Amino acid sequence: MIVPPVIAMGTADYLAPIAHLNPSMTGAGVMLLATLAGLLDLRANAWITGIFLVLEVIAAGVVALLGFTHSRRGIGSLTSMQVAGSHGHTDTVTAMLVVSGLAIALFVTQGFSTAVYLSEELENPRRNVARTVLATLAISTVIILVPVVAITMGASDLSTLTGGDISTMVTAWSNSAVGTFVSLCVALAIINAGIVMVIQNSRVLFASSRDKAWPQPVNTLFSKLGRFGSPWVATLAVGIPGAILCFVNLDTLYGVTGVSVTGMYLLVAVAALLSRRGHHRHTHAWRMPSGPPCRSS
């Protein structure tokens, strides 16, 4: 319930070329729209998110093309251990600086595993979920890395690069119309992320209630399905609090998000290691060829 509103409030920044909006109100509106979309079936949401995704990929291609054609530095800048300092000079990248950026990096790479949450609503999930996860990971890696490389090479200076104002960079490379288009596509990407996160989180809540993780009255409530086959109570339970949290101080949400995301990844890592010990080690579903070797307990 915390991560989606943090992302949703960023929508106002990218709608600024058209209108100056209040971040909290805009974020709440995005969360409510995402909640309404989450009440529909997956096929309808696939069309909505698919159309948005096409526009996002086009925008990423435009950014990559402009960045490469306006390159100011060589490929070596990608491995430079210097970043822009606060007084215009460059500072050495430290281990703590890298660690502080991990939360953002994790957000950037999240999303390719969403098919796992929706496996019960997909055709032939045993085959298609794995294929979808791996294919999406490969495609998203290209869509993320290519524009990042282009921006790094094409930014006018390091301060502009670390500032992250993509619209301003694109406008400088082309014109305001192209910059506005890219900004709107980024806003669509945020809305898309909100829809997907509401859908997947509501499925997790629905599954927990179906598996009797809560007191029986709560299980009965969260396991209700609507006319479109979606868990409508669980969807509202995820989306509406998310809209309300848009009015909480953003720094507070950042702090809670950083701690929760770090804790989540640590728990998953520990669980993955423990699942390779004891009686779990003989279960094929737990095998991870690229992970640490199995050990008996």
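Refer to the structure printed above.
Residues numbered from 1 in each chain as written. Predicted model: local features only at pLDDT ≥ 70, side-chain atom pairs only at ≥ 80, totals over all residues. Heavy atoms only, no water.

Participant: Tell me about the overall build of the protein chain, and name the residues and values.
Facilitator: On a plain count of helices and strands, the protein chain comes out with 14 helices and two strands. Relative to its 297 residues, the protein chain shows a buried fraction of 29%. By sequence separation, contacts in the protein chain at least 24 residues apart represent 64% of the contacts at least 6 residues apart. Carbon and sulfur atoms form 70% of the exposed surface of the protein chain, whose accessible area is close to 17300 Å². (Helix = DSSP H or I, 4+ residues; strand = E, 2+ residues; numbered from the N terminus. Buried < 20%, exposed > 50% of the residue type's maximum accessible area, 1.4 Å probe, protein only. Contact = heavy atoms within 4.5 Å. Areas by Shrake-Rupley, 256 points an atom, 1.4 Å probe, with all protein chains shown as cover.)

Participant: Could you give an account of the side chain of S208, with specific residues and numbers?
Facilitator: Locating S208 in the fold gives a position in helix α11 (residues 176–210). In terms of polar contacts, S208 uses its side chain to reach the backbone carbonyl oxygen of L205, at 2.7 Å. With sequence-adjacent residues up to four places away left out, S208 is seen in contact with A213, W214 and N219. (Polar contact = N/O pair within 3.5 Å; in protein donor to acceptor, adjacent residues only side chain to side chain.)

Participant: Break down the packing of helix α10 (residues 166–173) against α11 for me, with residues and values.
Facilitator: Two elements in contact, α10 and α11, have axes separated by 7 Å at closest approach and are oriented at 150 degrees. The orientation of α10 relative to α11 falls into the category roughly antiparallel. Of the two possible hands of crossing, α10 and α11 adopt the one that is right-handed. For the pair α10 and α11, contact is made by I166, S167, V170 and T171 and by S176, V178, G179, V182 and S183, respectively. Tallied by class, the residues present in the contact of α10 with α11 amount to four nonpolar, five polar and no charged. (Axes fitted to C-alpha atoms, helices over the stretch in contact; angles between N-to-C directions. Parallel < 35°, antiparallel > 145°, perpendicular 65-115°, else oblique. Left-handed = near helix turned anticlockwise from the far one by under 90°. Nonpolar A, V, L, I, M, F, W, Y, C, P; charged D, E, K, R; others polar.)

Participant: Pulling in residues and values, what's your account of the packing of helix α3 (residues 23–38) against helix α13 (residues 232–245)?
Facilitator: The interhelical angle for the contact between α3 and α13, taken along N-to-C directions, is 170 degrees, at an axis separation of 8 Å. Relative to α13, α3 is oriented roughly antiparallel. On α13, the residues that touch A28, M31, L32, T35 and G38 of α3 are T235, L236, G239, I240, G242 and A243. Along the lines of polarity and charge, the residues of the contact of α3 with α13 split into six nonpolar, five polar and no charged.

Participant: Quick one: what's the story with helix α14 (residues 250–274), residue by residue and with numbers?
Facilitator: An α-helical segment advances 3.6 residues per turn. Residues three or four places apart therefore align on the same side. Its 25 residues give α14 an end-to-end C-alpha distance of 36 Å, which sits within 8% of 36 Å, the value for a rise of 1.5 Å per residue. Three or more residues of α14 are buried, namely L253, T257 and V261. The opening residue of α14 is N249, an N-cap whose side-chain oxygen sits 2.9 Å from the backbone nitrogen of D251. (Expected span 1.5 Å × (residues − 1).)

Participant: Give a detailed account of the nonpolar core, specifying residues and quantitative values.
Facilitator: Among the nonpolar cores identified, the biggest contains 19 residues, and M31, I191, I195, I199 and C246 are the most heavily contacted of them. For this core, the elements supplying multiple residues, two or more each, are α1 (3–8), α3, α4 (42–69) and α11. The contact partners of I199, leaving out residues within four places of it in the chain, are G38, L42, N45 and L118. In terms of nonpolar packing, the next biggest core, distinct from the first, is built from eight residues, V63, A155, M169 and V182 among them. (Core = buried A, V, L, I, M, F, W, Y, C linked by side-chain atoms within 4.5 Å.)

Participant: So what about the packing of aromatic side chains? Which residues, and what values?
Facilitator: Taken as a whole and judged by the stated rule, the model has one aromatic pair. Taking 6.3 Å as the distance between ring centres and 80 degrees as the angle between the ring planes, the aromatic pair formed by W214 and F222 counts as edge-to-face. Accessibility expressed as a relative area gives 39% for W214, which makes it partly exposed. Accessibility expressed as a relative area gives 14% for F222, which makes it buried. (Phe/Tyr/Trp six-rings, centres within 6.5 Å; stacked < 30°, edge-to-face > 60°.)

Participant: Give me α10: which residues, what numbers.
Facilitator: All buried positions along α10 are accounted for by S167, M169, V170 and W173. Along the axis of α10, the buried residues cluster in a sector spanning 160 degrees; they form a single face. (Arc of directions from axis to C-beta.)

Participant: Quick one: what's the story with the environment of V133, residue by residue and with numbers?
Facilitator: Here V133 lies in helix α8 (residues 125–154). Measuring from C-alpha to C-alpha, the distance between V133 and T114 comes to 7.6 Å, with 19 residues separating the pair along the chain. Setting aside chain neighbours within four positions, we find V133 in contact with F112, S113, A115 and V116.

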